[in-house]
Structures are given as C-alpha cells and as structure tokens.
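Overview (structure and organization)
One letter stands for each residue in the lines below.
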Amino acid sequence: VDGMDFLAVKQACKFAKEHVLENGPIILEMDTYRYHGHSMSDPGSTYRTRDEIAGIRQERDPIERVRKLLLTHDLATAQELKDMEKEIRKEVDTAIAKAKESPMPDTSELFKNVYVNDCGLESFGVDRKVVRTVLP
C-alpha cells in the first residue's frame, strides 16, 4: 500500500478490518519514505541527495497531497488551510509544553494498553535462559 497516500491507506485499512472480522489476522505493508536519517549519527544525506529528498517531499508528501486535493476540488481555500495549520500548530505546541512539564511516568505504565493482560508474555535476558519479567 502506498503509505504516503492517505486515501490508499484508508481503503486498505477498511479492507483489512473487514477481512479480520470475517477471516482472522492480516498484515498490511505500507510503502513510506523517511525524510531524515535513522538516528542523530545518520543524517540521511550520505546515501541520497538533497534533490531526491526534496523531490519525494514535493511529489509524495501526504500532507501536500491532501492540500492539493482539497484545493483542486474546492473543498477548502488556501486561507482556510493556512488558518487550520496555525491552529493545529498552537495545539501541538501546547501539548509539547504540557508533556515537557509533566513528570516521567512510572515504569509500571510502560506496557499499559499495549498487551492483553495476563497473556503470559515473558521478557528474557540476552542469554534467553533467565526470565527477567512477566509482562502484564
């Protein structure tokens, strides 16, 4: 699935949901593009050019695709999108500030709402012999 195309992702997820409910598990593979390197030590520009990155961003960026779609079909004006973006940036900035001011959560929260409780998952050490913890 073109993971850079939100409509394709939406359609694939709709199909996957129907499939799972009727037939069981399914795997979706999303083809996306990483604009930055893997880490601080990998700038991502040693194995691809800045022009390649800029070209992908211009042609396949999901946000730009939606923007073009909305404008092309007169679903929003450029000013409406600009105003929306300003409002969203404010919300994000507020959420970031709140997160930075909040205390770090207790380690017991690490797996909360991630696994089904009491399913017997175990975490082993590197030797794979000693159980380090039983996950909730």
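Taking an unreviewed UniProt entry as the reference, the protein is identified by name as Dehydrogenase E1 component domain-containing protein belonging to Aegilops tauschii subsp. strangulata. Heading Cofactor (unreviewed entry) of the UniProt record for the protein holds this comment: "thiamine diphosphate".

1. Focus on the side chain of Asp42
Position of Asp42 among the secondary structure elements: in the loop between helix H1 (6–23) and helix H2 (50–60). Buried and unpaired, Asp42 has Arg34 as its nearest opposite-charge partner, separated by 4.6 Å. Engagement of the side chain of Asp42 in a polar contact is seen with the backbone nitrogen of His38, the distance being 2.8 Å. The residues touching Asp42, leaving out its near neighbours within four places in the chain, are Gly37 and Tyr47.

2. Side note on a nonpolar patch on the surface
Nonpolar side chains collect at one region of the surface, where Val1, Phe15, Val20, Ile26, Leu28 and Met30 lie side by side and expose about 450 Å² of accessible area between them. Taking relative accessible area as the criterion, Ile26 reaches 32% and is therefore assigned partly exposed.

3. Focus on the pattern of salt bridges
Taken as a whole and assessed by the stated rule, the structure comprises 8 salt bridges. For Arg65, the salt bridge is made with Asp5, and the minimal N-O distance between the two is 3.8 Å. In this pair, Arg65 sits in helix H3 (residues 62–72) while Asp5 sits in the segment before H1, placing the two residues 60 residues apart along the sequence. Close ionic contact of Arg60 with Asp31 constitutes a salt bridge, the shortest N to O distance being 3.7 Å.

4. Details of the packing of aromatic side chains
All told, the structure shown has 1 aromatic pair when counted by the stated rule. Here the guanidinium or amino end of Arg57 rests over the ring plane of Tyr35, the centre of that ring lying 3.9 Å away.

5. Here we look at the environment of Val9
With respect to the helices and strands, the residue Val9 is situated in helix H1. A relative accessible area of 22% means that Val9 is categorised as partly exposed. In this structure, the C-alpha to C-alpha distance between Val9 and Leu28, residues 19 residues apart in sequence, is 9.4 Å. Excluding anything up to four places from it in sequence, Val9 contacts Val1, Asp2, Gly3 and Met30.

Cut-offs applied
Residues numbered from 1 in each chain as written. Predicted model: local features only at pLDDT ≥ 70, side-chain atom pairs only at ≥ 80, totals over all residues. Heavy atoms only, no water. UniProt positions renumbered as here; feature names shortened; annotations may be inferred. Helix = DSSP H or I, 4+ residues; strand = E, 2+ residues; numbered from the N terminus. Buried < 20%, exposed > 50% of the residue type's maximum accessible area, 1.4 Å probe, protein only. Lys, Arg positive; Asp, Glu negative; His and termini not counted. Salt bridge = Lys/Arg side-chain N within 4 Å of Asp/Glu carboxyl O. Polar contact = N/O pair within 3.5 Å; in protein donor to acceptor, adjacent residues only side chain to side chain. Contact = heavy atoms within 4.5 Å. Patch = residues over 30% accessible without salt bridge, like charges linked within 9 Å, V, L, I, M, F, W, Y side chains within 5 Å. Areas by Shrake-Rupley, 256 points an atom, 1.4 Å probe, with all protein chains shown as cover. Phe/Tyr/Trp six-rings, centres within 6.5 Å; stacked < 30°, edge-to-face > 60°. Lys NZ or Arg CZ within 6 Å of the ring centre and 35° of its normal.

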